[in-house]
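# Results of the structural survey
Single-letter residue listing:
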Amino acid sequence: MATPKTNLTINPQRLWDTLMETAQFGGTPKGGIKRLTVSDEDKKVRDWFKAQCEALGCTVEVDEVGNMFATRPGKRKDLAPIAMGSHLDTQPTGGKFDGVLGVLGPLEALRTMVDMGYESNAPIMIVNWTNEEGSRFAPAMLCSGVYAGVFTPEFAYSREDRQGIKLGDELARIGYKGRHKAGAIKFGAMFELHIEQGPILEAEDKMIGVVTGVQGMRWYEVTVRGQESHTGATPMGLRKNALLGASRMIEAIHQVGMGHLPGVASVGLIENRPNSRNVVPGEVFFTVDLRHPDETVLDRMEAQYQAALPKIAAELHLELEEKRIWKSPAVKFAPELIKCVQQGADQAGFKSREMASGAGHDAAYIARVAPTTMIFVPCLGGISHNEAESTTLEECGAGAQVLLNAVLAHDATYA
Ligand code: HGY
Ligand code: MN
Ligand code: MN
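Residues numbered from 1 in each chain as written. Chains lettered and ligands numbered in written order. Predicted model: local features only at pLDDT ≥ 70, side-chain atom pairs only at ≥ 80, totals over all residues. Heavy atoms only, no water.

## So, helix α8 (residues 242–258)
Residues that lie three or four places apart on an α-helix share one face, since the helix turns once every 3.6 residues. For α8, with 17 residues, the first-to-last C-alpha span of 24 Å sits near the 24 Å given by 1.5 Å per residue. For α8, the complete set of buried residues consists of A242, G245, A246, M249, I253, V256 and G257. Around the axis of α8, the buried residues are gathered within 125 degrees of arc, so they sit on the same side. In this structure, the buried side of α8 is in contact with β7 (216–225), β9 (264–266), β12 (283–292), α9 (295–315) and β13 (319–328). The N-cap residue of α8 is N241: its side-chain oxygen and the backbone nitrogen of L243 are 2.9 Å apart. (Helix = DSSP H or I, 4+ residues; strand = E, 2+ residues; numbered from the N terminus. Expected span 1.5 Å × (residues − 1). Buried < 20%, exposed > 50% of the residue type's maximum accessible area, 1.4 Å probe, protein only. Arc of directions from axis to C-beta. Contact = heavy atoms within 4.5 Å. Polar contact = N/O pair within 3.5 Å; in protein donor to acceptor, adjacent residues only side chain to side chain.)

## Concerning the site of ligand 1
Near ligand 1 you find E132, E133, A140, W219, R291, A359, G360 and H385, and these make up its full shell. Here a nitrogen atom of ligand 1 sits 3.0 Å away from a polar atom, N or O, in the side chain of E132. H385 is positioned with one of its side-chain polar atoms (N or O) 3.2 Å from an oxygen atom of ligand 1. Within the complex, the protein chains bury 95% of what would otherwise be the 210 Å² of accessible surface of ligand 1. Its residues assigned to classes, the shell around ligand 1 shows three nonpolar, two polar and three charged. (Near = heavy atom within 4 Å. Areas by Shrake-Rupley, 256 points an atom, 1.4 Å probe, with all protein chains shown as cover. Nonpolar A, V, L, I, M, F, W, Y, C, P; charged D, E, K, R; others polar.)

## Comments concerning the coordination of the manganese ion (ligand 2)
Within the first shell, the manganese ion (ligand 2) binds the protein through H87 (NE2), D98 (OD) and H194 (NE2), at distances of 2.1 to 2.3 Å. Read in sequence order, the donor residues coordinating the manganese ion (ligand 2) give the pattern H-x10-D-x95-H. Between the manganese ion (ligand 2) and the manganese ion (ligand 3) the interatomic distance comes to 3.5 Å, and D98 is a ligand of both metals. With H87 in the loop between β3 (82–86) and α3 (101–115) and H194 in strand β5 (residues 189–195), the pair connects residues that are 107 residues apart, well separated along the chain. (Donors = N, O, S within 2.8 Å, 3.2 Å for Na, K, Ca; no water.)

Laid out in structure tokens, this is it:
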């Protein structure tokens, strides 16, 4: 593969300062970020991002589900852009780096190219995907999924948060329901830079994860119904306790994960009603998240989970409602781009290792419509989806440098 005759070196301090600057949009007292998708905080960071890209000479386009595409022209207009993308929305108790590094790292790469007066062959694009987290509006990776044709825009618009607010209404309210059809703004390849969100790179003292794919993920919603009654006057044997049922189901789901390692099984969101200290709970809603690298094992996990719940409901005289709301199959990334990342890491002199992603990413859906791959950098203790999420200036800089090297290596194939 051609090694680009460039020694473009990113500015880690400028990247770090930019990460800290944008952390103000939804910043929390504990040092994290609460920037839920299509919230007012999300609008602020989107407006900031658009202005930064335009200042670099990019055109910024928005599609019908709010995905943002900032493009800097290259020498050749006939070539499809090379994209670098991730997300600016966060978890309710998110950190400063999940997703953000994958949008601001590319901004640093572009700033470096502009500083050095470097003109690429292909146009270079930065993408901000709407609602990657899926925390406020399920499922995750929703609008990269619309771009990839997995969901319709109407499905995305219809998704409601737990307060009954619709994503489509919020997109319009913040002014990011763009005029371009989802999927109409094309690119020829996408690289996504992201923190690992797990402990492997740190444990092995490696700086770069050369990501080969993303594991399979499935989300479910469960409602358990019993009967509200007085905690003092209702004998134990006559209760229909929805929370007791949910607790046994949650234990059973945990055992599904333990029985299929390295798979994982989690319950993250639970609503207990009426949630009063002296009322036997009559209804519980909770969510289930199953993941495994192998789809056939994930089928077995799903079967075991879906067999366990009715048994528990019957024992406790409860009603059960359960449905799968999302299935994102395991994905393999593009070998030719994985090679660019490996070359980019070697060129920069960083220790690296190949690995699959435990977390979901927009790249998982984009891989369906364009050659795609990812680059990981370590995070402290592997902690993420937590306000304590932390990386270093060096790690962020390393990721952005490898990203730039990889993009230029891919761009060199057009020379
Ligand atoms: O759920 C995920 O893996 C991602 O953080 N949205
Ligand atoms: Mn993310
Ligand atoms: Mn996340």
